[in-house]
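Per-entry structural report
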Amino acid sequence: PFSISSAPNDELLRLTVKKLGDYTSRLDALKVNDRAVVFGPYGRFYEKFLVQSGKDAVLVSGGIGVTPFLSMLGHEAISQKSRIIYIFYCVKNRQRADFHEEILNYVKMNGNIRYFPVFSDEQGFLNVPQLVENLGGDVKNKNFFLCGPYPMMCSFTKGLKKEKVKNRDIIFEDFSLLD
């Protein structure tokens, strides 16, 4: 589980990694100036975000699932498009919100970014009715991007469909390299 979290226009390539398993646990052994072969990204998670830039975007992340959104927010922060971006960063507690300050900086750079940190220890888990309430009750003309634990994404997909959100407007990252 690692993502390119730098914006497309950034000079440096930033990877954000969660240690799970043999490979990601060994990444700490890398040193400055070590060489690496980089390929990817896999999938087209970001495609509707860039192509349908006239639609508002709702980004719902669970834990490390925020990483592809950092790239998207970095791009949006300097693009100054007229759409609204809603980012819901769901983590267990404030101590685990590693990217909270970075997201706040994007909000300062672009007034069209709306940020909703959700700390489940304090507020419980975010659900679709709460999400819709934070959107002012309006789910129309929006793309919903979901990235996080599989059960979370399934729950949100099911709930969004009940709210009459079309399948084509729900985009999720499944962390899978398999077809």
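What comes next concerns the included structure. Remember, it's a predicted structure, so these values are computed and weren't measured experimentally.

What follows covers the side chain of Asn93. Inspection of the secondary structure assignment puts Asn93 in the loop between β4 (85-91) and α4 (100-109). Polar contacts involving the side chain of Asn93 include one to the main-chain amide nitrogen of Gln95, which spans 3.1 Å. Not counting the four nearest positions on each side in its chain, Asn93 is found in contact with Phe119 and Asp121.

Leu59, Phe69, Leu73, Ile87, Tyr89, Ile103 and Phe145 are the most contacted members of the largest nonpolar core, which totals 24 residues. Of all elements in the fold, only β3 (56-62), α3 (67-79), β4, α4, β5 (113-119) and β6 (142-147) reach the threshold of two or more residues within this core. With five residues, α3 is the largest single contributor of residues to this core. Discounting chain neighbours no more than four positions away, the residues touching Leu73 are Leu59, Ile85, Ile87, Ile103, Tyr106 and Ile113. In this structure, Leu126, Val128, Val132 and Leu146 belong to the second largest nonpolar core, which totals 21 residues.

This part is about the layout of surface pockets. Space inside the second largest pocket adds up to approximately 650 Å³. Considering the residues around the second largest pocket, the lining is formed by 27 residues, among which Gly62, Gly63, Ile64, Cys90 and Val91 are closest to the centre. Contributing elements (two or more residues each) for the lining of the second largest pocket: β2 (15-17), β4 and α7 (150-162). Ranked by residues supplied to the lining of the second largest pocket, first place goes to α7 with four residues. Within the lining of the second largest pocket, the residues separate by chemical class into 16 nonpolar, seven polar and four charged.

Rules used throughout
Here, residues in each chain are numbered from 1, in the same order as that chain's written sequence. With pLDDT at 70 or above as the cut-off, local features in this predicted model cover only qualifying residues; side-chain atom pairs require 80 or more to be listed or tallied, and sums for whole chains, interfaces and linings still use all residues. Values shown for side chains rest on all heavy atoms present in the structure; no hydrogens or waters enter the calculation. Numbering of helices and strands runs from the N terminus, with a helix taken as a DSSP run of H or I at least four residues long and a strand as a DSSP run of E at least two residues long. Distance and chemistry together define a polar contact, namely a pair of N or O atoms within 3.5 Å, with one atom able to donate a hydrogen and the other to accept it when in protein, and with adjacent residues in sequence counting only for side-chain atoms on both sides. In this analysis, two residues are considered to be in contact whenever any of their non-hydrogen atoms come within 4.5 Å of each other. Only buried residues count toward a nonpolar core. Its members are Ala, Val, Leu, Ile, Met, Phe, Trp, Tyr and Cys residues joined through side-chain atoms within 4.5 Å. For the exposure calls, accessible area comes from a 1.4 Å probe over protein chains only, and a residue counts as buried if that area is under 20% of its type's maximum, exposed if over 50%, partly exposed in between. Buried and open spaces are told apart on a 1 Å grid over the protein atoms alone, a cavity being a set of points where a 1.4 Å probe fits but cannot get out and a pocket being an open set with protein on both sides within 12 Å along at least five of seven lines. Residues with an atom within 4 Å of a point are the lining residues. Grid points are joined across faces, edges and corners, and a volume is the space filled by probe spheres set on the points. Just so you know the grouping, Ala, Val, Leu, Ile, Met, Phe, Trp, Tyr, Cys and Pro go in nonpolar, Asp, Glu, Lys and Arg go in charged, and all remaining residues, Gly too, go in polar.

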